[in-house]
Amino acid sequence: MLADPAPKIANLPALIVGSIFLSAACLFLLYAFPYDPLLSFYWMLSGLLAIVWMALFLYAVGKFGKRGLWVLPAGAGALWVLFTFLAINFGCAFNRHNCL
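Residues numbered from 1 in each chain as written. Predicted model: local features only at pLDDT ≥ 70, side-chain atom pairs only at ≥ 80, totals over all residues. Heavy atoms only, no water.

Attention shifts here to the nonpolar core. With 16 residues, the main nonpolar core has Leu15, Cys26, Trp53, Leu56 and Val71 as its most contacted residues. Those elements that provide at least two residues to this core are α1 (11-31), α2 (40-64) and α3 (76-94). (Core = buried A, V, L, I, M, F, W, Y, C linked by side-chain atoms within 4.5 Å. Buried < 20%, exposed > 50% of the residue type's maximum accessible area, 1.4 Å probe, protein only. Helix = DSSP H or I, 4+ residues; strand = E, 2+ residues; numbered from the N terminus.)

Together, Leu27, Tyr31, Trp80 and Phe83 make up a nonpolar patch on the protein surface, roughly 430 Å² of accessible area in all. Mapped onto the nonpolar patch, the elements with two or more residues apiece are α1 and α3. For Phe83, the position within the fold is in helix α3. Here Phe83 falls in the partly exposed class, since its relative accessible area comes to 48%. (Patch = residues over 30% accessible without salt bridge, like charges linked within 9 Å, V, L, I, M, F, W, Y side chains within 5 Å. Areas by Shrake-Rupley, 256 points an atom, 1.4 Å probe, with all protein chains shown as cover. Salt bridge = Lys/Arg side-chain N within 4 Å of Asp/Glu carboxyl O.)

Further remarks concern the packing of α2 against α3. Packing of α2 against α3 leaves a shortest axis separation of 9 Å and a crossing angle of 120 degrees. Classified by the angle between their axes, α2 and α3 sit oblique to one another. Of the two possible hands of crossing, α2 and α3 adopt the one that is left-handed. Across the interface between the two elements, Trp43, Ser46, Gly47, Ala50, Ile51, Trp53 and Met54 from α2 touch Ala78, Leu79, Val81, Leu82, Phe85 and Ile88 from α3. In the contact of α2 with α3, the residues fall into 11 nonpolar, 2 polar and no charged. (Axes fitted to C-alpha atoms, helices over the stretch in contact; angles between N-to-C directions. Parallel < 35°, antiparallel > 145°, perpendicular 65-115°, else oblique. Left-handed = near helix turned anticlockwise from the far one by under 90°. Contact = heavy atoms within 4.5 Å. Nonpolar A, V, L, I, M, F, W, Y, C, P; charged D, E, K, R; others polar.)

Here it is, written out as structure tokens:
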């Protein structure tokens, strides 16, 4: 027997804790610094961490199946960051006179 094909449950709690930290970091970087063109680096980093959280979520669901959905409630902050970025873009695209 070379390898055990069953996923190890011990890694799922680590993914959930990592999801909580990524989500908190996304919200912290988005709201801790006021928006300034010179500080937009923090906004971009927040968006990048939100995309990393999405990859973590897809990995958890792919590896653990339904049990991987436990990562989803911990990612509310990362989902809020993604929603914020999409809302700004769609708001500017469809309401041109009231854009940022």
